[in-house]
Amino acid sequence: MSRITVIGAGFGALTAVQKLRKLDAGLQIDVVAPRPEFVYLPGMIWIPTGLRSGADLTLSLNSFFARQRVNFHAGRVTGVENGGRTVVTDKGKIENDGLIISSGGRFIKKLPGIEHAITPCEGIPAAEKIRDRLASMEDGGTIAFGFSSNPKEPSAMRGGPMFEFLFGIDRWLRKQGRRDRFELVFFTPAEKPGQRLGEKAVKGILSTMAKRDVKTYLGHKIKGFEADRVITEGAEFRADLIIFMPGMTGNKWFAESGLPLSEGGMLKANRYCQVEEQEKVYVAGDSGSYPGPGWMPKQAHMADLQAEAAAANLVGELNGDQPSATFKAELVCIIDSYDTGMMVYRTDKRNLVTPAFSGFHWAKRLFEWHYLREYRK
């Protein structure tokens, strides 16, 4: 019986578990994560405006792991040894015949004063903090929304959710009749925010900002933050609430793992999601740096596609075959605005951007329900 260890309990990790079990009913699968729970991160955009709560988006994985016959190990990974055959955790060591790393990325928190900004995709508590801060701003104020990338790995960023927080909160305030009390500001070092979504999306995003009276500071390097201020090389401005998504890098333990890293600190992978020059070690999702177009996103959909390829190739390698499964570079998202949404689709051959439509908001909610069914059983 082959033993496979999966690090993580997010999108890529859980998709890898399902694919592994489908391919080989006899595998011993060990999953390592701090807790046996899944947080549906895309739904966090709705927490500040009350459409979702933390409880709605946090699911226990105990039943799922039981159905998939997974051995769950609660702990934090601190490293790997023996070329990946041993996973070291704060609770002990786990041996394996094959390894899939899908432990996500880590936000770069080096800017001076970044403790004054809330990074929403860090988890439920961050989104709830935005909700509570909004509730306390009865007399209005200035809300600043922004993001940046990892300069050594431009694709390691999460810009899309920031547009959703911006447009969602704008729409929510308008429905409450409070928008005139607030100034909304958007800032980023990029001259064309959302460029990975395609030129059509950039035009649509900037046009929407203009129509919604959102002030923009674009193309200037961010120097830091103060409790009530955003400072860039081109300007500085006051803000009562700062919502900011910094660029991403790899987990802290990657640096001491002996595994090859990209310049930006991610695990360096080939087109088969195999960590370069490593036997039976694969990566899926935000932990990896993959070959592909510069616009290839760090999003749940890509993590799922990469996890399926990684699982198929690992099982094949255990059976003596060469890796052959690849993943499609595909960007699919709905930029939600509380009760409406804009659909964006991009591949090497196509780039589709739709007008805003209420049906896309409900499609996003329907997809959430459909995706989570497997974990709610």
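What you see is a predicted model, and the numbers here were worked out from it, not measured in a lab. (Residues numbered from 1 in each chain as written. Predicted model: local features only at pLDDT ≥ 70, side-chain atom pairs only at ≥ 80, totals over all residues. Heavy atoms only, no water.)

Considerations on the sheet that holds strand β6 (residues 77-81)
Then, in step 1: One open sheet holds the three strands; their spatial order is β6-β7-β8, and the pairing between them is antiparallel. Two strands close off the open sheet at either side, each with one partner strand: β6 and β8 (92-95). On average, each strand axis in the sheet is inclined to that of its neighbour by 25°, with strand direction left out of account.
Then, in step 2: Bridge count between β6 and strand β7 (residues 86-89): four bridges; the pairing is antiparallel. When the bridges of β7 are listed, V77 appears paired with T89. (Pairing = 2+ DSSP bridges. Helix = DSSP H or I, 4+ residues; strand = E, 2+ residues; numbered from the N terminus. Axes fitted to C-alpha atoms, helices over the stretch in contact; angles between N-to-C directions.)

Some points on the pattern of salt bridges
Pairing between side chains becomes possible if they bear opposite charge and their charged atoms approach one another.
Then, in step 1: This structure, assessed with the given rule, holds 19 salt bridges.
Then, in step 2: As a salt-bridge pair, R158 and D286 come within 2.2 Å of each other at their nearest N and O atoms. Of this pair, R158 sits in the loop between β11 (141-147) and α5 (160-176) while D286 is found in the loop between β20 (281-283) and β21 (288-289), placing the two residues 128 residues apart along the sequence. Here R158 matches D286 in class, with each residue buried.
Then, in step 3: A salt bridge links K328 to E330; the shortest N-O distance between them is 3.4 Å. (Salt bridge = Lys/Arg side-chain N within 4 Å of Asp/Glu carboxyl O. Buried < 20%, exposed > 50% of the residue type's maximum accessible area, 1.4 Å probe, protein only.)

None of this, on its own, says anything about what the molecule does.
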